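# Examining the three-dimensional arrangement
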Amino acid sequence: MQTDPVHYELPDLTNSLCERLGIRFTLIEEGLAKATMPVDERTCQPFGVLHGGASLALAESVAGHGSVPLCPPGYTPCGIQVSGNHLRMVPKGTSVEATGRLIYRGRTQHIWTVDITTPDGRLVSTARVVNQLVKKRP
């Protein structure tokens, strides 16, 4: 079944974690979100490889922004659980891409699977993210 892309304008990411980590969104459609992140001094362990925490931040960011256009009016997603498995080291000086796919869309929760890969498509990490839909605060 073909769906039309959700037209979602990203909020201003100035001074956000996404900006600080160099996360750039490349696609947000209904049930699908993609972003890239550099593997550099902001996202590496002291040993010169991608930090697992940076990978989880990327995964939660992709799932969160993917959920925004799916929320009912007056609601916003709030990540309540993220877990991941790191499968491959990525050296400093490269980048990764995250692809998030919605696997459950409930009234109050969205569940996403986010795969993080190298530019040549090798799986680096895979994560599961649960977003709770909460009323926006004034």
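Residues numbered from 1 in each chain as written. Predicted model: local features only at pLDDT ≥ 70, side-chain atom pairs only at ≥ 80, totals over all residues. Heavy atoms only, no water.

## Focus: the environment of glutamine 81
Rules: Secondary structure counts use DSSP, requiring at least four H or I residues in a row for a helix and at least two E residues in a row for a strand, with both numbered from the N terminus. The cut-offs for exposure are 20% and 50% of the maximum accessible area for each residue type, with area from a 1.4 Å probe on protein chains only; residues under the lower value are buried, those over the upper are exposed, and the others partly exposed. Working rule for contacts: check all heavy atoms of both residues, and any pair within 4.5 Å makes them a contact.
Within the secondary structure, glutamine 81 is located in strand β3 (residues 75–86). By relative accessible area, which is 36% here, glutamine 81 ends up partly exposed. Expressed as a C-alpha distance, the spacing of glutamine 81 and glutamate 30, which sit 51 residues apart in the sequence, is 21 Å. If we ignore the near neighbours within four places in the chain, the residues touching glutamine 81 are Arg128, Val129 and Val130.

## Structural notes on the pattern of salt bridges
What counts is decided by this rule: For this analysis, a salt bridge means a side-chain nitrogen from Lys or Arg found within 4 Å of a carboxyl oxygen belonging to Asp or Glu.
Scanning the entire structure with this criterion turns up three salt bridges. Where glutamate 30 meets arginine 105, a salt bridge forms, and the shortest distance between an N and an O atom there is 3.3 Å. Of this pair, glutamate 30 sits in the loop between β1 (24–29) and β2 (32–39) while arginine 105 sits in strand β4 (residues 94–105), and the two are 75 residues apart along the sequence.

## Focus: the sheet that holds strand β5 (residues 109–117)
Rules: Pairing between strands requires that DSSP locate at least two bridges from one strand to the other. As a rule, the C-alpha atoms of each element are fitted with a line to give its axis, helices using only the stretch in contact, and angles between N-to-C directions run from 0 to 180 degrees.
Here six strands make up an open sheet; going across it, the order is β1-β2-β4-β5-β6-β3 and the pairing antiparallel. Two strands in the sheet have a free side with no partner beyond their single neighbour: β1 and β3. Neighbour to neighbour, the strand axes of the sheet diverge by 20° on average, direction disregarded. Bridging between β4 and β5 involves eight bridges; their strand directions are antiparallel. Within β5, the position partnered with arginine 101 by the bridge is threonine 113. Packing of helix α2 (residues 52–67) onto the sheet brings it into contact with β1, β2, β3, β4, β5 and β6 (123–135), and relative to β3 it is tilted by some 145°.

## Some remarks on the confidence of the model for the chain
Going by this rule: pLDDT gives the predictor's per-residue confidence on a scale running from 0 to 100.
Confidence along the chain averages 93 in pLDDT terms, with 95% of residues attaining 70 or more. Within the model, the stretch residues 1–6 combines pLDDT values under 50 with seven contacts to residues more than four positions away or in other chains.

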